[in-house]
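Each chain, letter by letter, is given below.
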Amino acid sequence: MELSKARASYKLGGTTINFSEETVIMGILNVTPDSFSDGGKYGRRNLALEHARTMLADGAKIIDVGGESTRPGYTPISVEEEIDRVVPIIEILARELGCVLSIDTSKAAVAEAAIIAGASIINDVWGAKREPAIAEVAARYGVPIILMHNRENRDYQLPFMGAIIEDLQESIDIAKRAGVNEEMIWLDPGIGFAKDLEQNILAMQGLSSIAELGYPVLLGTSRKGMIGKVLDLPVEERMEGTGATVCYGIEHGAHIMRVHDVKEISRMVKMMDVLTKKAAYTG
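### Quick word on the pairing of strand 3 (residues 24-30)
Burial runs high along strand 3: seven of the seven residues are buried. Going residue by residue along strand 3, you find V24, M26, I28 and N30 tucked away on one face and I25, G27 and L29 tucked away on the opposite face as well. Where strand 3 lies against strand 4 (residues 62-66), five bridges are found, and the strand directions are parallel. Of the residues in strand 4, the one forming a bridge with G27 is I63.

So, in C-alpha cells, the structure goes:
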C-alpha cells in the first residue's frame, strides 16, 4: 500500500529503513520475568546482548525491548521498576550493536528514559491513550511512535473494522495534537488485544483498510493465542502459524513484522518480498 502520510525511508540509529524496498523485521526482546512466550529468558545483560546480536544476524532490522508484560492477566509494575529493567539493556545494545532499538511501553517517563539511553522508536500498545504524554515525548525527540489499537472493552459498534479505524484515528489525533509529525506515526492493528478469536481474525482480514490510511503498519501476531486456538497448538509450536499471518500481512499492506522466530520469518519475508515485487531478486 502507498505510504501517503509517511515517508518510505527513515534514518534511525545510524540505519536506513526503507519500507518500499523490504518488509522490515522487528525482533522481540522481552526483559520481563512473565511474558507469555519468553518471560525470564533475557533479563540479564549478557543474555539480552547475545540474543539481540543473533536476531540481527538472522535478519532483524529493529530490536523491540519490553520491560513490562502485556499478556492477559499481567501484573503492572511501577515506572521505576520498568526503567530499571529496560534502560541498562538499551544502553548496552546501543553501545555494543549500534542497532535500531524500539521501546515497548505505554509510560511516558519510560519512553523518555529509553530514548535518552539509545532507543529511536516508541512502541505503545495503548496508542497514546493510557498516557497521552507519551506522544509529547515522541514529538519532543522527533522519533516514530507506533500507535497500537487497544481499548478497555470489546463493545464494538458495527461495522467492526470501522470501529477499529475510528479508534486508531483517535490515537492519531492525540499524537498530532501533541506535535508529532505525521511522518512519524506508525500503526498496529493490535492483534491479541481487546479482541476475541473471531475479532482477531476479522482484524487480520481488514488489514488493507488500515494500510489505506497511509501510515506504515506493524503486524504483531508472533506465537499469539489466535494462532494457538486455530491450530490447537502450544506457544512453542506456533512458528508456522505465525509465518502464515506474516505472509498474509505482506499481501495486505503491512510493512513491519514483530516476531520471536527471526531467522525463519526473515526467510519467508524475503521470499514474499520477491514474489510481490517489493524487492528484486539479485542472484
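### A short note on the layout of surface pockets
In this structure, the second largest pocket occupies an estimated 410 Å³ of space. Surrounding the second largest pocket, 19 residues form its lining, E22, S266, V269, K270 and D273 being those nearest its centre. Only strand 3 and helix 10 (262-275) provide two or more residues apiece to the lining of the second largest pocket. The greatest single-element share of the lining of the second largest pocket, amounting to seven residues, is contributed by helix 10.

### What about the packing of aromatic side chains?
In this structure the tally under the stated criterion is four aromatic pairs. Judged by centre distance (5.3 Å) and plane angle (80°), the rings of F19 and W186 are edge-to-face. With a gap of 167 residues between them, F19 in the loop between strand 2 (15-18) and strand 3 and W186 in strand 8 (residues 185-188) connect regions that are remote in the sequence. Judged by centre distance (4.8 Å) and plane angle (70°), the rings of Y156 and F160 are edge-to-face. Just as Y156 is buried, F160 falls in that class too. The aromatic ring of Y10 is capped on one face by R7, whose charged end is 4.5 Å from the ring centroid. The ring of Y156 has R151 lying over it, and the distance from NZ or CZ to the ring centre is 4.1 Å.

### Digging into the environment of G127
Secondary-structure assignment places G127 in the loop between strand 6 (121-124) and helix 4 (133-141). For G127, a relative accessible area of 0% gives the class buried. C-alpha separation for the pair G127 and Y215, spaced 88 residues apart in sequence, amounts to 14 Å. Discounting residues that sit within four places of it in the chain, G127 has contacts with L147, M148 and S171.

### Structural notes on the sheet that holds strand 5 (residues 100-104)
With parallel pairing, the eight strands of this open sheet are ordered in space as 8-7-6-5-4-3-10-9. The open sheet has two edge strands, strand 8 and strand 9 (218-219), and neither has a second partner. Strand direction decides the pairing type here: strand 5 and strand 6, joined by three bridges, are parallel. When the bridges of strand 6 are listed, D104 appears paired with N123.

### Topic: unusual backbone geometry
Cis peptide bonds are those with omega within 30 degrees of zero, and the linkage from L158 to P159 qualifies with 0°. Within the fold, P159 resides in the loop between strand 7 (145-148) and helix 5 (160-177). A positive phi angle, near 55°, is found at D232, a position not held by glycine. Following the sequence through the fold, D232 ends up in the loop between helix 8 (225-231) and helix 9 (239-251). Classification of D232 by relative accessible area gives exposed; the value is 67%.

Thresholds applied
- Residues numbered from 1 in each chain as written.
- Predicted model: local features only at pLDDT ≥ 70, side-chain atom pairs only at ≥ 80, totals over all residues.
- Heavy atoms only, no water.
- Buried < 20%, exposed > 50% of the residue type's maximum accessible area, 1.4 Å probe, protein only.
- Helix = DSSP H or I, 4+ residues; strand = E, 2+ residues; numbered from the N terminus.
- Pairing = 2+ DSSP bridges.
- 1 Å grid on protein atoms, 1.4 Å probe; cavity = no way out; pocket = protein on both sides within 12 Å on 5 of 7 lines; lining within 4 Å.
- Points joined across faces, edges and corners; volume = space filled by probe spheres on them.
- Phe/Tyr/Trp six-rings, centres within 6.5 Å; stacked < 30°, edge-to-face > 60°.
- Lys NZ or Arg CZ within 6 Å of the ring centre and 35° of its normal.
- Contact = heavy atoms within 4.5 Å.

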